[in-house]
Amino acid sequence: LPQGRLTGPMPWVIAIMMFLTVLATGAGLALNQGARALVEEVSGRVTVQVAEADPEVRGQAVRRIVVLLEQAEDVGAIRVVPESELAAQLAPWLGNDLQIADVPLPALVDADLLAPESARAERLALLDKAVKDINANARVEPHADYLSPLARLVGTIAFAVVALMAFATGAVVVLAARGAHATHRGTIDIMHMLGATDAQVVRLFQRRMMLDALFGGVVGYIAATVVIILVGRSMQAVASDLVSSASLPGIAWVIFPLLPVAGVGVASLSARITLRRALERSL
């Protein structure tokens, strides 16, 4: 068999696959970290919304809710959102000529809930019941409820992308193993006539492909690490809350070196299974 380890496209294809896998893993871990940081930051923040059309009834309900929140021991800062601020947020959709009287906007009261995380769900239920006793159209909305699905979605997408890359790497190795078997079919027949077993032939090809996968994995890993470091420095200047809070956790630098090792394992297993089946069919 040829001894050149860098011949053929397989090492470079695996390098590209590993490059994308490390980038996808890094992006997933960073965004998941950022989403979780935002969730923790707003985990104790709630908004009491009073969706009452009558302005007088709405105003009375807001005043009573503010008194209720001020008397609660586990409620921190309280802020009634001005109607002008709500109108400004609606301006991009309804126009700058929007009059407050034209649209019955709900009243919003922001507050910080200081209850321990273990008792927060129970406290939110009691607070929601208390504001509904004041006005049936009032409800308490925890901010974390809107961001928790985002954290789960980011983690799921990152896992799916990494799994897809692993599958693609295995497919590349399968194609390369089949091509190697077809190319060296004559050499394999001579080896069999000289007494070589299928296990010895498989071991020979498997070792060659593991070396190719190791080279490609290391090259892809190094290139992706350099890109991650450069992108990380650039992201520090981005003003977006999610992007600026997205940073790689410490465990990421433990996971990254394991990806090329896992790639070699996938390549070894794929080559072994493919070559065994090819030899069984040829006999």
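As the structure is a prediction and not an experimental result, all values here were calculated from the model.

Trainee: Is there a simple way to think about the overall build of the chain in this case?
Mentor: Along its length, the chain carries nine helices and four strands. Mapped in sequence order, the helices and strands of the chain form the string α-β-α-β-α-β-α-β-α-α-α-α-α. Looking at the chain as a whole, 36% of its 283 residues qualify as buried. The contacts in the chain between residues at least 6 apart in sequence include a share of 82% that link residues at least 24 apart. Carbon and sulfur atoms make up 63% of the accessible area of the chain, which amounts to about 16300 Å² in all.

Trainee: Honestly, the sheet that holds strand 3 (residues 107-113) in this entry has me stumped. Any pointers?
Mentor: Strands belonging to one sheet form pairs held by backbone hydrogen bonds; the direction of such a pair is parallel or antiparallel. Ordered by their spatial adjacency, four strands build an open sheet running 2-3-1-4, and the pairing between neighbours is antiparallel. Edge positions in the open sheet fall to strand 2 (75-80) and strand 4 (138-142), since each of these has one partner strand only. Across the sheet, the mean angle separating the axes of adjacent strands is 20 degrees when strand polarity is ignored. When strand 2 meets strand 3, the two strands line up antiparallel, connected through four bridges. Within strand 3, the position partnered with Arg 79 by the bridge is Asp 110.

Trainee: Just to check I follow, could you spell out the side chain of Thr 169 for this structure?
Mentor: One can find Thr 169 in helix 5 (residues 144-183). Relative accessible area serves as the criterion here: at 8%, Thr 169 is assigned to the buried category. With sequence-adjacent residues up to four places away left out, Thr 169 is seen in contact with Ile 14 and Met 17.

Trainee: In this structure, what is going on with the packing of helix 1 (residues 10-41) against helix 5? I would like to understand it.
Mentor: Each packed pair of helices is defined by two parameters, the angle between the axes and the distance between the axes. For the pair helix 1 and helix 5, the least separation of the axes is 9 Å and the interaxial angle reads 170 degrees. Compared by their axis directions, helix 1 and helix 5 come out roughly antiparallel. Residues of the contact of helix 1 with helix 5, tallied by class, amount to 23 nonpolar, seven polar and one charged.

Trainee: Looking at this model, I keep getting lost on the pattern of salt bridges. Mind explaining?
Mentor: Close approach of charged atoms allows side chains of opposite charge to pair. Summed over all chains, the structure comprises eight salt bridges. A salt bridge links Arg 79 to Asp 110, with the shortest nitrogen-to-oxygen separation between them at 3.7 Å. Of this pair, Arg 79 sits in strand 2 while Asp 110 is found in strand 3, placing the two residues 31 residues apart along the sequence. Residue class for Arg 79 comes out partly exposed when judged on its relative accessible area of 38%. Asp 133 is the partner of Lys 129 in a salt bridge, and the nearest nitrogen-oxygen pair spans 3.5 Å. Placement of both Lys 129 and Asp 133 in helix 4 (residues 117-134) is noted, with a separation of four residues, approximately one turn of the helix. With respect to class, Lys 129 is no different from Asp 133; both count as exposed.

Trainee: What should I look at first to understand the nonpolar core in this one?
Mentor: In a soluble, globular protein the nonpolar side chains are often hidden away together inside. Counting 21 residues, the largest nonpolar core has Val 48, Val 50, Ile 65, Leu 69 and Val 140 as its most contacted members. Secondary structure elements with two or more residues in this core: strand 1 (45-50), helix 2 (55-71), strand 3, helix 4 and strand 4. The residues touching Val 50, leaving out its near neighbours within four places in the chain, are Arg 58, Ala 61, Val 62, Ile 65, Pro 106, Ala 107, Asn 135, Asn 137 and Ala 138. Residues Ile 14, Ala 180, Ala 213 and Ala 267 belong to the second largest nonpolar core, which totals 20 residues.

Trainee: Looking at this structure, how should I read the pairing of strand 3?
Mentor: Looking along a regular strand, one sees side chains alternate from face to face of the sheet. Counted residue by residue, strand 3 has five buried out of seven residues, so it is predominantly covered. Looking at chain direction, strand 1 and strand 3 are connected through six bridges and run antiparallel. Paired with Val 50 across the two strands is Ala 107, which belongs to strand 3.

Trainee: Which parts of the structure should I look at to understand the pairing of strand 4?
Mentor: Counting buried positions over the five residues of strand 4 gives four, a clear majority of the element. Where strand 1 lies against strand 4, five bridges are found, and the strand directions are antiparallel. Within strand 4, the residue paired with Val 48 across the bridge is Val 140.

Trainee: So what exactly am I meant to see when it comes to the environment of Thr 21 here?
Mentor: Along the chain, the position of Thr 21 falls in helix 1. The spacing of Thr 21 and Ala 163 is 142 residues in sequence and 8.9 Å in space, taken between C-alpha atoms. Ignoring sequence-local partners within four residues, the contact set of Thr 21 consists of Val 162, Met 165 and Leu 259.

Trainee: Would you mind going over helix 2 with me for this structure?
Mentor: Since the α-helix advances by 3.6 residues per turn, residues separated by three or four positions end up pointing in the same direction. Taking 1.5 Å of rise per residue, the 17 residues of helix 2 would be expected to cover 24 Å, and the 24 Å separating its terminal C-alpha atoms lies within 8% of that figure. Two or three places before Glu 56, at the opening of helix 2, Asp 54 has a side-chain oxygen 3.1 Å from that residue's backbone nitrogen.

So, how was this worked out
Residues take numbers from 1 onward in each chain, read along the sequence in its written order. Reporting in this predicted model follows two pLDDT cut-offs: at least 70 for local features of residues, and 80 or more for side-chain atom pairs to be given and counted; totals over whole chains, interfaces and linings ignore these cut-offs and use all residues. Based on all heavy atoms of the structure, the side-chain values leave hydrogens and waters out of the count. The numbering of helices and of strands both runs from the N terminus, where a helix is a DSSP run of H or I of at least 4 residues and a strand a run of E of at least 2. Only protein chains enter the accessibility calculation, which uses a 1.4 Å probe. A residue is then buried if its area is under 20% of the maximum for its type, exposed if over 50%, and partly exposed in between. Residues count as neighbours in contact if any of their non-hydrogen atoms are within 4.5 Å of one another. A 1.4 Å probe and the Shrake-Rupley method give the accessible areas. Residues count as covered only by the protein chains that appear here. Following DSSP output, two strands are said to pair if at least two bridges run between them. Every angle, taken between N-to-C directions, lies between 0 and 180 degrees, and every axis is a line fitted to C-alpha atoms, over only the stretch in contact when it is a helix. Should an angle lie under 35 degrees it is considered roughly parallel, over 145 roughly antiparallel, and from 65 to 115 roughly perpendicular; all remaining angles are considered oblique. Residue polarity is assigned by list, with Asp, Glu, Lys and Arg as charged and Ala, Val, Leu, Ile, Met, Phe, Trp, Tyr, Cys and Pro as nonpolar; anything else, Gly included, falls into the polar class. We define a salt bridge as a contact between a side-chain nitrogen of Lys or Arg and a carboxyl oxygen of Asp or Glu at a distance within 4 Å. What makes a nonpolar core is a set of buried Ala, Val, Leu, Ile, Met, Phe, Trp, Tyr and Cys residues whose side-chain atoms join them at distances within 4.5 Å. Here, expected helix span is obtained from the residue count minus one, scaled by 1.5 Å. Nitrogen and oxygen atoms within 3.5 Å of one another constitute a polar contact, given that in protein one can donate a hydrogen and the other can accept it, and given that sequence-neighbouring residues count only through two side-chain atoms.

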